[in-house]
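# Notes for the structure review
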Amino acid sequence: MKIVIDGVIGCDVTANNIRSELEGKSEDIELEISSPGGSVFEGFTISNVLKQYKRDNKIKIVTNITGMAASMSSYIALVGDKIVVSESSSFIIHNAWSFSVGDFREMRKEADLLEKLSNIIAKEYERSTEQSIDLIKSAMDEETFLFGQEIIDFGFA
């Protein structure tokens, strides 16, 4: 079965969309990704829905990055047991972002939340790549763009 994540996570692609595609099925998945990312929380949910489906049905997921796996879609890509990239595939990692409004207290709360979310993402990148957490966090701090063989060399594919 092919599931396509093409567009913004939380707008064009939602966990409810993915659940609907999986309903009543129990087969291996080719997860095709070309996405600029999007909502962290919706991305966590999509990732968890796919992981649960994989566990419950004892199936395999192959992730195929056909274009860009940026931001939250790079996190989702890691549910794959195998990740396939081409020379023109791109993988972009960075710290969690948000838009917020408020006084200095609200900004501090938002900064704390973003740090927690970034740490969750970094741990998943570390687990998937076997790179050190320090290297992962440094790459996220710099907003790192990886292409083709660089994705493989870093350990994401």
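Structure shown above.
What comes next concerns the included structure. (Residues numbered from 1 in each chain as written. Predicted model: local features only at pLDDT ≥ 70, side-chain atom pairs only at ≥ 80, totals over all residues. Heavy atoms only, no water.)

### Examining the overall build of the protein
In terms of regular secondary structure, the protein is built from 6 helices and 6 strands. Shown N-terminal to C-terminal, the secondary structure of the protein runs as helices and strands in the order β-α-β-α-β-α-β-β-α-α-β-α. The C-alpha radius of gyration computed for the protein amounts to 16 Å, which stays within 12% of the reference 15 Å derived for 157 residues, consistent with globular compactness. Counting all 157 residues of the protein, 44% fall into the buried class. (Helix = DSSP H or I, 4+ residues; strand = E, 2+ residues; numbered from the N terminus. Rg over C-alpha atoms; globule rule 2.2 N^0.38 Å. Buried < 20%, exposed > 50% of the residue type's maximum accessible area, 1.4 Å probe, protein only.)

### What about helix α2 (residues 40–57)?
Across its 18 residues, α2 extends 26 Å between first and last C-alpha, which sits within 8% of the 26 Å expected from 1.5 Å per residue. Those residues of α2 not exposed but buried are V40, G43, F44, I46, S47, V49, L50, K51, Y53 and K54. Along its buried surface, α2 packs onto β1 (2–9), α1 (15–22), β2 (29–38), β3 (61–70), α3 (72–77) and α4 (104–129). Sitting at the amino-terminal end of α2 is S39, which places a side-chain oxygen 3.5 Å from the backbone nitrogen of F41. (Expected span 1.5 Å × (residues − 1). Contact = heavy atoms within 4.5 Å. Polar contact = N/O pair within 3.5 Å; in protein donor to acceptor, adjacent residues only side chain to side chain.)

### With respect to the pairing of β1
Bridge analysis of β1 against β2 gives 7 bridges, and the strand direction is parallel. Residue V4 lies in a different strand from β2, and its bridge partner there is E32. With α1 bridging β1 and its parallel neighbour β2, the resulting β-α-β unit is right-handed. (Pairing = 2+ DSSP bridges. Right-handed = clockwise from strand over helix to strand, strands pointing away.)

### Comments concerning the pattern of salt bridges
Inspection of the entire model under this criterion finds 6 salt bridges. Residues K109 and E106 are paired through a salt bridge, measuring 3.6 Å at the closest nitrogen-oxygen approach. You can see K109 and its partner E106 sitting in helix α4, 3 residues apart, about one turn around the helix. Judged by its relative accessible area of 53%, K109 is exposed. By relative accessible area, E106 is classed as partly exposed at 36%. By sharing partners, the salt bridges in this structure join K51, E124 and R127 into a single network. (Salt bridge = Lys/Arg side-chain N within 4 Å of Asp/Glu carboxyl O.)

### Details of the packing of α2 against α4
Between α2 and α4, the shortest axis-to-axis distance is 12 Å and the interhelical angle comes to 30 degrees. Judged by the angle between their axes, α2 and α4 are roughly parallel. The two elements α2 and α4 meet at a crossing, and its hand is left-handed. Contacts from V40, F41, F44 and K51 of α2 reach α4 at L113, L117, I120, I121 and E124. When the residues that make up the contact of α2 with α4 are grouped by side-chain class, the tally is 7 nonpolar, no polar and 2 charged. (Axes fitted to C-alpha atoms, helices over the stretch in contact; angles between N-to-C directions. Parallel < 35°, antiparallel > 145°, perpendicular 65-115°, else oblique. Left-handed = near helix turned anticlockwise from the far one by under 90°. Nonpolar A, V, L, I, M, F, W, Y, C, P; charged D, E, K, R; others polar.)

### Structural notes on the layout of surface pockets
A water-sized probe, rolled over the atoms, reveals where empty space remains. By volume, the largest pocket is sized at about 290 Å³. Around the largest pocket sit 17 residues that line it, and G38, S71, M72, H94 and W97 are the ones nearest its centre. Listing elements by their share of the lining of the largest pocket, those giving two or more residues are β2 and α4. For the lining of the largest pocket, the element with the highest residue contribution is β2, accounting for 3 residues. Within the lining of the largest pocket, the residues separate by chemical class into 10 nonpolar, 6 polar and 1 charged. (1 Å grid on protein atoms, 1.4 Å probe; cavity = no way out; pocket = protein on both sides within 12 Å on 5 of 7 lines; lining within 4 Å. Points joined across faces, edges and corners; volume = space filled by probe spheres on them.)

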